[in-house]
Amino acid sequence: MDVNDVKELLELIEGKDIIEIEYSHGDKKIRIVRSSSGRVKKAQEVQQARPAEVQPEAEVDTTAEKLLVSVNSPFVGTFYCAPSPSEKPFVEIGSRVKKGQTIGIVEAMKLMNAIEADADGSVKQILKKDGEPVEFGEPLFIIDPEG
Amino acid sequence: MDVNDVKELLELIEGKDIIEIEYSHGDKKIRIVRSSSGRVKKAQEVQQARPAEVQPEAEVDTTAEKLLVSVNSPFVGTFYCAPSPSEKPFVEIGSRVKKGQTIGIVEAMKLMNAIEADADGSVKQILKKDGEPVEFGEPLFIIDPEG
Amino acid sequence: MFSKVLVANRGEIAIRIIRALKELGIKSVAVYSTADKNALHTQLADEKICIGSAQSKNSYLNAPAIISAAQIKGADAIHPGYGFLSEDPGFAEVCEEAGIKFIGPKPEDIELMGNKLKAREYVDKIGIQVLPGTFQEIEDEQHAIRIAKDIGLPLVIKAAEGGGGRGIKIIYAEDQIPNIIKIARAEAKMAFGSASLYIEKYFEKVRHIEIQIIGDGNGNVIALGERECSIQRRHQKFIEESPSIAVDDKLRNRINDAAVKITRHINYRGVGTVEFLLDEKGRFYFMEMNTRLQVEHPVTEFVTGIDIVAEQINIAGGQRMSLSQKDIKLRGHAIECRINAEDPETLVPSTGTIRAYVPPGGPWVRVDGFAYSGYEVSPYYDSLIAKLIVWAEDRDSAIRRMLRALDEFIIDGIKTNIPLHKKILSSKEFLLGNISTRFIDKFV
Amino acid sequence: MFSKVLVANRGEIAIRIIRALKELGIKSVAVYSTADKNALHTQLADEKICIGSAQSKNSYLNAPAIISAAQIKGADAIHPGYGFLSEDPGFAEVCEEAGIKFIGPKPEDIELMGNKLKAREYVDKIGIQVLPGTFQEIEDEQHAIRIAKDIGLPLVIKAAEGGGGRGIKIIYAEDQIPNIIKIARAEAKMAFGSASLYIEKYFEKVRHIEIQIIGDGNGNVIALGERECSIQRRHQKFIEESPSIAVDDKLRNRINDAAVKITRHINYRGVGTVEFLLDEKGRFYFMEMNTRLQVEHPVTEFVTGIDIVAEQINIAGGQRMSLSQKDIKLRGHAIECRINAEDPETLVPSTGTIRAYVPPGGPWVRVDGFAYSGYEVSPYYDSLIAKLIVWAEDRDSAIRRMLRALDEFIIDGIKTNIPLHKKILSSKEFLLGNISTRFIDKFV
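All of the points below concern the structure found in this document. (Residues numbered from 1 in each chain as written. Chains lettered and ligands numbered in written order. Predicted model: local features only at pLDDT ≥ 70, side-chain atom pairs only at ≥ 80, totals over all residues. Heavy atoms only, no water.)

## A word on the packing of aromatic side chains
A complete count under the given rule lists 28 aromatic pairs over all chains for this structure. Note on F79 of chain A and F141 of chain A: the rings are 5.7 Å apart at their centroids and 65° apart in plane angle, and the pair reads as edge-to-face. Placement of the pair is F79 of chain A in strand β4 (residues 77-80) and F141 of chain A in strand β10 (residues 139-144), with a sequence separation of 62 residues. No difference in accessibility class separates F79 of chain A from F141 of chain A, as the two residues are buried. With a centroid separation of 5.2 Å and an interplanar angle of 25°, the aromatic rings of F203 of chain C and Y285 of chain C are classed as stacked. Residue F203 of chain C is located in the loop between β8 (197-201) and β9 (207-216), and its partner Y285 of chain C is located in strand β13 (residues 284-290); the two are separated by 82 residues in the primary sequence. Y285 of chain C shares its class with F203 of chain C; the two are buried. Each member of the aromatic cluster is reached from another via a ring pair, and the members are Y60, F84, Y380 and Y381 of chain C. Of note, K48 of chain C hangs over the ring of Y32 of chain C, and the distance from its end group to the ring centre comes to 6.0 Å. Over the ring of F430 of chain D we find R395 of chain D; its NZ or CZ atom is 4.6 Å from the centre of that ring. (Phe/Tyr/Trp six-rings, centres within 6.5 Å; stacked < 30°, edge-to-face > 60°. Helix = DSSP H or I, 4+ residues; strand = E, 2+ residues; numbered from the N terminus. Buried < 20%, exposed > 50% of the residue type's maximum accessible area, 1.4 Å probe, protein only. Lys NZ or Arg CZ within 6 Å of the ring centre and 35° of its normal.)

## Digging into the sheet that holds strand β3 (residues 69-72) of chain B
Residues and elements named next belong to chain B. Spatially, β3-β10-β8-β5 is the arrangement adopted by the four strands of the open sheet, whose pairing is antiparallel. In the strand order of this sheet, the two ends are held by β3 and β5 (96-97), each with one partner. One ladder, built from two bridges, connects β5 with strand β8 (residues 121-126); its direction is antiparallel. Among the inter-strand pairings, R96 is bridged to a residue of β8, identified as S122. (Pairing = 2+ DSSP bridges.)

## Section: the pattern of salt bridges
One pass over the full model with this rule turns up 79 salt bridges over all chains. Here E228 of chain C makes a salt bridge to R207 of chain C, at a shortest N to O gap of 2.9 Å. Separated by 21 residues along the polypeptide, E228 of chain C in strand β10 (residues 221-233) and R207 of chain C in strand β9 bring together distant segments of the chain. Accessibility classification places E228 of chain C together with R207 of chain C in one group, the buried group. Through salt bridges with shared partners, one network takes in R16, R19, E23, E301, D307, R366 and D368 of chain C together with R401, R404 and E408 of chain D. (Salt bridge = Lys/Arg side-chain N within 4 Å of Asp/Glu carboxyl O.)

Functional significance is not addressed by these values, which are geometric in nature.
Here is the structure:
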């Protein structure tokens, strides 16, 4: 064991939500403590961080016990939660949805693009308001497959 | 393990959100504690690399069991090992010297500056040749106080 | 004038445009792909928006996404930069239909010059010498062989919808024709969406001379003098300079006039570059016109003192040209080196994280780049990572200044072509100006 | 011409000189203190040598060490930069005695202009208006009070051996005189080795206008136009520009002529700056002359296209001046901001490690700096870490370009005065050019 081992461990936890590592040898011991806030940052994001602070991407909490599914916008455009202003929203919080079911619309250049549920489950969160602009890849809905 | 290891560890965690490192050797132990705020360092903080590789300073090996004394040049100029070209050198390797004894000369602007031994002992190394230019702070002699 | 402009590009040219917008007091919107999340252009712009995934076709070439982004950001104009959608007349039209100003020429002018065969025909008609070659597209192998006999070997086969040095094949022997035509057709179809090819005479020892022009669409067109771009590698420009050592005042006036004639005839609006080949006897031939901002515009900016990008934006914003031909005086000499992230031997793009990035500075050194310490060069886009441009009172001094600046430039972690630039710039032949489009061959 | 030059300085000016030497094909030797072991100037020079410990008096002010270094490195000339030994006539003499060319004026010219009282007397004698004030040094309090009554309040007390804005005390009331004289004497003695003081009239609303001149020691002296350096903080220049908004062609010719007359009379050799105060009525008064390269020389380089440092080296190397007065034409407008590592509120120098350093780039932006990501700002030297200089066709555009460049400049880990620069440059008063040497007071 030498300083390089420490270095290696430091590199290992870089960008991870590990806040403590202990590692003995005689009689063996490993202790790893994870951040309770549990925000996962990928190593390459850290590497790519640039001269000014990088806005954290809207991220889904994937460390909770239950796995949630995020439905992201495949287009840059305007989000609508209903087929037309006079109609009811496709879904509300708590709505049961089937995979493939239309749950929203992103309008780009006057084309209405249907946003479909990625999984069966219930709608846990609706992250955008009706008429709000969305970027490519922005999360629109959180679906709880077990809900 | 020596002071350089500590130095290396310090450099390792510089700019990182590590708040504690423990590192034993006998029977091994590593313990790394990270700031609970879990702030992920910015790339710019990592990028402390110097624009070009930094020349390592001429350094005396102080990690050996015996402590050696380096006599450095207090002037920028030309090193001479003897009072004049026709005379014998002040010292040779193995010569016994007393603290304050003249062991060489650095000439700067036609002024002959005596270089004195920093400690009693024996001359272990003569690092410059007669007539060689020296910078401020460059090691000229290594003296072994126990030799 | 515009209040907010979306910059539909990435890398150094997106930054160049954002800088111009800032200086004009116009808000800027950067678009980016998921691979460019941390790119410098997104940080320098006032606003930014993600338009698609890493591959260009899903982001920087994704016209609907870009227009949708402009709409939701409330941009009143789009600057296309160079490459990507900058020479797509369809995109220019869709912008205008969506009520967003396209900062570039009229779509019909892009279209005319975008088809190199049509452009040749047009230029020939108004009495400017074009490169010897055909005005029709190649029908088949036999047709190509007939043309070859007519104009003599060597020949160059080009894609009618190509340009910018892409899709070029040189033929030295007649029996190469059938094979090369096949390959060229396939490549042209893939790269430009059209298999249409044409043939020109290939000159072994010529210079690439191009004229920067600006037109305001109100009948005013001026020429900002020439750039010599003979130092090319695989038909891609490598080093550009202005003025050319081969062009004296008299010849400059003649080439300027030809470029102005070509563009004034169509009442050209915007900036553009008319490219010529110049032979050893001082004869010049129209090759093609690029209807956009050029990578190498900074060398012209340095010798003329004119901010070409600001002029371009102002003209698109409806201003009349603030310059007249007599204001244009070249002073001193400017050189640009394109710094690419690539292995200087193999030309293979070099990707990875730049560990240390220290650009050169000091007098009359300009760096248009987008990298920084910690930046990751991705494999998705072209390998240009910086343009290094210097100015000096004369060509010799400019060469020495460029060598000094190249020496200072630290880019650690990836390979670049800086060593090759140094080799060329310190060569006696380059110093003497004995250069041609084949010059670089002896250095690689 | 020289084959190897030792640069007896550090920081941005050492790098500026090394760049010029490289471009002239002359080898360079950097000297450094132990605190500057990793400084950029040691990396850019061809050779480097450590001359002493961190404190300036042991290294950059250590004349024997510097000359010894030049000797063992085989340098045939020494460039002193600005500050440190640049205006020490004794150093210039010792260089020449050691057979090493001093790249600067003749020692007697340094001495004449170095004593501000002697300089006033000399300039007055050749018929140029000097600032109202005394031509003798202050004997005692009573003498000072008599002078005060003579020329009227407010007054400024200066050190005869001072200069460059150091050692200046302003007196608004007669009863301040005894105390201030005491303090000024002590300070002058400590800073300049001489307690000699003199008195000038203090003007509340004047501009600092200086003329860059170059002489070749063969009777040729030319003026490169003015710089306006009115934006000062604690008598230190903060923002410089050329030309001055207050100087028209006619006035420029008159001030140029005065500066040339002063320097031609002593057959001045080298570069230098003649400083004047300009009042609201267009009257100008000689203040002092700096017999060295000036911090703010780049603004003149940008508007004239002349490489002042290269000219300086060439002239010291024995070349006749390559320029004549009619070659000097100012084009456009240049502004320099001095970027200091200091708290913009308290002015306390800010030291520490620069975590991220990303200089601005793009068109007509010049950065003369020496920091980099990971550089440690030490407390031993002055706080200037970069000069940011921009050029544009007119003053308004130059201001906008400077604001853009300031916006881009990332220096993380230490405090800088960038916020104050932005505040000043975006103010209406600065835009209108309503500036004077007291301008900055309202911003801090």
